[in-house]
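Overview (structure and organization)
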Amino acid sequence: MTPDLAFAALADPTRRAIIARLALGEATVGEIARPFAMSQPAISHHLKVLEEAGLVTRRIDGPRRPCRLAAGALEEIEAWLGLLRRGLEANYDRLDALLADTPDRTPPDKKE
């Protein structure tokens, strides 16, 4: 899985909803399609995109083909977001330090 494929797949709100559903446990295409106002073939297409991105897997269980979240599918995304989070925290820490060193410029008549 590459993060680019995963982010592209997750850009669609239907696919994000499918991922949220599968976070609750595995489900068949019919079970996944039930709350959507679209056909099972359309849901199957969304699942194929999620599979190609490495986010979802299917297994064979007799006539059923239940889908589930792929093991470790979100680890690369979490790592990338963690990198961003650490960068933002470092920026805010620098801003806090700068503001702490800045003298108070509030006019005397406005201070409480």
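Here's what I pulled together on the structure shown here. Small disclaimer: the values here were computed from a predicted structure and weren't measured. Starting from 1, residues in each chain are numbered consecutively following that chain's sequence as written. Only residues with pLDDT of 70 or above have their local features reported here, since the model is predicted, and side-chain atom pairs are shown and tallied only from 80 upward, although totals for entire chains, interfaces and linings are computed over all residues. As a rule here, side-chain values cover all heavy atoms of the structure and leave hydrogens and water aside.

1. Focus on the nonpolar core
Short version of the rule: Remark: nonpolar core denotes a set of buried residues (Ala, Val, Leu, Ile, Met, Phe, Trp, Tyr, Cys) joined through side-chain atoms within 4.5 Å. The buried label goes to any residue with under 20% of its type's maximum accessible area, the exposed label to any with over 50%, and the partly exposed label to all in between, with areas taken from a 1.4 Å probe on protein chains only. A run of H or I in DSSP counts as a helix once it spans at least four residues, and a run of E counts as a strand once it spans at least two, with each numbered from the N terminus.
With 20 residues, the main nonpolar core has Ile-32, Leu-47, Leu-55 and Val-56 as its most contacted residues. Where this core is concerned, the elements lending two or more residues are α1 (3–10), α2 (13–22), α3 (29–33) and α4 (40–52).

2. A look at the side chain of Thr-28
In plain terms, the rule: Here, two residues are considered to be in contact whenever any of their heavy atoms come within 4.5 Å of each other.
Its location among the elements puts Thr-28 in the loop between α2 and α3. Overall, Thr-28 belongs to the buried group, its relative accessible area being 16%. Setting aside residues up to four positions removed in sequence, Thr-28 forms contacts with Arg-64, Arg-65 and Pro-66.

3. Considering the pattern of salt bridges
Short version of the rule: One speaks of a salt bridge when a side-chain nitrogen belonging to Lys or Arg is within 4 Å of a carboxyl oxygen belonging to Asp or Glu.
For the structure shown, the criterion picks out four salt bridges. With a shortest N-O distance of 2.6 Å, Glu-26 and Arg-59 are connected by a salt bridge. Of the two residues, Glu-26 is situated in the loop between α2 and α3 and Arg-59 in the loop between β1 (56–58) and β2 (67–69); the sequence distance between them amounts to 33 residues. Look at Arg-59 and you get partly exposed, because its relative accessible area is 32%. Note that Glu-26 and Arg-68 form a salt bridge whose closest N and O atoms lie 2.7 Å from each other. With Glu-26 in the loop between α2 and α3 and Arg-68 in strand β2, the pair connects residues that are 42 residues apart, well separated along the chain. The structure contains a network of salt bridges with shared partners spanning Glu-26, Arg-59 and Arg-68.

4. Focus on the packing of aromatic side chains
Let me state the cut-off plainly: Two aromatic rings, drawn from Phe, Tyr or Trp (for Trp, its six-membered ring), form a pair once their centres lie within 6.5 Å of each other, and the interplanar angle then sorts them: stacked below 30 degrees, edge-to-face above 60, tilted otherwise.
Applying the stated criterion across every chain, the model contains one aromatic pair. Each ring, one from Phe-7 and one from Trp-80, has its centre 5.1 Å from the other, and the planes form 65°; the classification is edge-to-face. Taken as a pair, Phe-7 in helix α1 and Trp-80 in helix α5 (residues 75–101) lie far apart in primary sequence, 73 residues in all. With a relative accessible area of 40%, Trp-80 lands in the partly exposed category.

5. Some thoughts on the packing of α2 against α4
Each pair of packed helices gets described by two things: the angle between the helix axes and the distance between those axes. Note the following rule: Note on geometry: axes are C-alpha line fits, over the in-contact stretch for helices, and angles between N-to-C directions span 0 to 180 degrees. If an angle is under 35 degrees, it is roughly parallel; if it is over 145, roughly antiparallel; if it lies from 65 to 115, roughly perpendicular; otherwise it is oblique.
The geometry of α2 relative to α4 is characterised by a closest axis approach of 10 Å and an angle of 80° between their N-to-C directions. Here α2 is positioned roughly perpendicular relative to α4, judged by the angle of their axes. The segment α2 lies against α4, with Thr-14, Arg-15, Ile-18 and Ile-19 engaging Ile-43, His-46, Leu-47, Val-49 and Leu-50.

6. Comments concerning the environment of Val-56
As for its position among the elements, Val-56 is in strand β1. Separated by 13 residues in sequence, Val-56 and Leu-69 place their C-alpha atoms 4.5 Å apart. Filtering out sequence-adjacent residues up to four positions away, Val-56 remains in contact with Ile-19, Leu-22, Leu-47, Leu-50, Glu-51, Cys-67, Arg-68 and Ala-70.

7. Observations regarding the packing of α1 against α5
The following threshold applies: Following the grouping adopted for this structure description, the nonpolar residues are Ala, Val, Leu, Ile, Met, Phe, Trp, Tyr, Cys and Pro, the charged ones are Asp, Glu, Lys and Arg, and the polar ones are all others, Gly among them.
Across the interface, α1 lies against α5 with an axial gap of 9 Å and an inter-helix angle of 95°. Classified by the interaxial angle, the pair formed by α1 and α5 is roughly perpendicular. From α1, Pro-3, Ala-6, Phe-7 and Leu-10 reach across to α5, where they touch Glu-76, Ile-77 and Trp-80. In terms of residue class, the contact of α1 with α5 is built from six nonpolar, no polar and one charged.

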